[in-house]
Amino acid sequence: MFTQADIQNALKAVKYPGFSRDIVSFGLVKEISAADGAVNVLLQLTSASPAAAQQIKEESERVLKTLPGVIQVHVEVQQPAAGQGAPANPFENQNRVPGVKRVIAIASGKGGVGKSTVSANLACAFKHLGAKVGLLDCDIYGPSIPLMMGVHEKPTISEQEQLVPPVGHGVKVMSIGLLLTDEQPVIWRGPMITKTIQQFLMAVEWSELDFLLVDLPPGTGDAQLSLCQTVPLDGGVIVTTPQEASLGVVRKGIAMFNKVNVPILGIVENMSYFTAPNGERVEIFGHGGGRTEAGRQSVPFLGEIPIFTEIREGGDQGTPIVVSTPNHPAGKCFIEIARSLRNCLK
Ligand SMILES: Nc1ncnc2c1ncn2[C@@H]1O[C@H](COP(=O)(O)OP(=O)(O)OP(=O)(O)O)[C@@H](O)[C@H]1O
Ligand SMILES: [Mg+2]
């Protein structure tokens, strides 16, 4: 017999018309009930387009009828009436970044777990795989991407009055750190952060990109929300370290993405272990927490990255290890993670 989870899974095959994302990840499925082979599903759309509603209804009914044991299917689609004020939707002003195929956010609930290191290396790993890549640093208070990517020139302004991002290791880079001098602390409040992030997405000449990676600050604050409200994200990657203290906040990170209907692409466990000079494996923060948590939350586990002095040195010197030594075990880990992300976003 089929379960509610089977029904939900089946509905993941239904894409929102015009989007690469499915109706489940958009949070449109409000109710599922099933009894004696009969399935009832309630979907709540935010758009008033009758064509979109019809298409989603037909497609949902079609996929549910293929489930073994299903005899009867009823899909009800509720939507705001055309012309009448739809309920205020904080995401209705989302726009895709022109020319950018996929936007991926790198996040964690906790500081210092290696988000920026993972973002910089993954950006270079996508480049290594032949993709066109941009890297946007949304950490307004503590931008570290310019240092890690070895990019220090200021963006120029194009004839269309767009910011032209400088390029490091073949990756287009934008960060508040490129616009301000080192000594200036940023003391902005929420609305200015929102405005800056909107401009970083829409007033930067990203041109044609296969992937735009976004390095987020720790936590679930203004930057995260502004990003989610400005563009539809294709997914979020959560970085964690193995110990329980980090995993608690991972759950918060996952809950944040779920709340704004951003699919979780997976969890990366950073600083998994350290290999001592005598070859002994030292698990400084414990081991395996990321994989266990991924299992618990039913999200993919993308891989583990050990502690290597060369990773930290690469970050401080502005040449990520994927660029300096792609054959280093850590370089290979990052390239493998980029490969699996590319495959799951095809
Ligand atoms: N696997 C690793 N091996 C060795 N050093 C690492 C590793 N991952 C990160 N580091 C180092 O740890 C420090 C913190 O990493 P990073 O700045 O990427 O974390 P973050 O999560 O972005 O921090 P913040 O929350 O402040 O933005 C950096 O000096 C970085 O070089
Ligand atoms: Mg960081």
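Note that the structure is predicted; figures quoted are calculated from it, not measured.

Asker: Help me understand the side chain of asparagine 121 in this model?
Answerer: In this structure, asparagine 121 sits in helix α3 (residues 115-128). For asparagine 121, a relative accessible area of 3% gives the class buried. Beyond its immediate chain neighbours, meaning those up to four positions away, asparagine 121 contacts Pro320, Ile321, Val322 and Phe334.

Asker: Is there a simple way to think about the site of ligand 1 in this case?
Answerer: Close contacts around ligand 1 come from 17 residues, with Gly112, Lys115, Ser116, Thr117 and Asn270 the closest. In this structure, phenylalanine 308 approaches ligand 1 through a main-chain N or O atom, which is 3.2 Å from a nitrogen atom. Alone, ligand 1 offers 640 Å² of accessible surface; in the complex the protein occludes 79% of this. For the shell around ligand 1, the class distribution of residues is eight nonpolar, six polar and three charged.

Asker: Mind showing me how you'd approach the pattern of salt bridges here?
Answerer: Side-chain pairing between opposite charges can occur once the charged atoms of the two side chains come close. Per the counting criterion, the structure on display carries ten salt bridges. As a salt-bridge pair, lysine 57 and glutamate 61 come within 3.3 Å of each other at their nearest N and O atoms. In this pair, lysine 57 and glutamate 61 are both assigned in helix α2 (residues 50-65), four residues apart and thus about one turn of the helix distant. Judged by relative accessible area, which is 24%, lysine 57 ranks as partly exposed. For glutamate 61, a relative accessible area of 16% translates into the label buried. One salt bridge connects arginine 102 with aspartate 234, and the closest N-O pair in it is separated by 3.1 Å.

Reading guide: rules and limits
- Residue numbers restart at each chain and count upward from 1, following the sequence in its written direction.
- Think of it this way: whatever chain is written first is A, whatever ligand is written first is 1, and the rest follow in order.
- For this predicted model, a pLDDT threshold of at least 70 governs which residues receive local features, and a threshold of 80 or more governs which side-chain atom pairs are given and counted, while totals over whole chains, interfaces and linings are taken from all residues.
- Only hydrogens and water are set aside; all other atoms, that is, all heavy atoms of the structure, feed into the side-chain values.
- Each helix is a run of H or I in the DSSP string that is no shorter than four residues. Each strand is a run of E no shorter than two, and both are numbered from the N terminus.
- Three labels apply to residues, based on accessible area from a 1.4 Å probe with only protein chains included: buried if under 20% of the type maximum, exposed if over 50%, partly exposed otherwise in between.
- Whether two residues are in contact is decided by their heavy atoms, any of which lying within 4.5 Å being enough.
- Throughout this document, a residue counts as near a molecule or strand when at least one of its heavy atoms sits within 4 Å of that molecule or strand.
- Each polar contact in these results corresponds to two N or O atoms within 3.5 Å; when the atoms are within protein, one needs to be able to donate a hydrogen and the other to accept it, and residues that are neighboring in sequence are counted only if both atoms are side-chain atoms.
- With residues, only the protein chains shown are counted as cover, and all accessible areas are computed by Shrake-Rupley using a 1.4 Å probe.
- Charged residues are taken to be Asp, Glu, Lys and Arg, nonpolar residues to be Ala, Val, Leu, Ile, Met, Phe, Trp, Tyr, Cys and Pro, and polar residues to be all remaining types, Gly included.
- What counts as a salt bridge is simple: a side-chain nitrogen of Lys or Arg found within 4 Å of a carboxyl oxygen of Asp or Glu.

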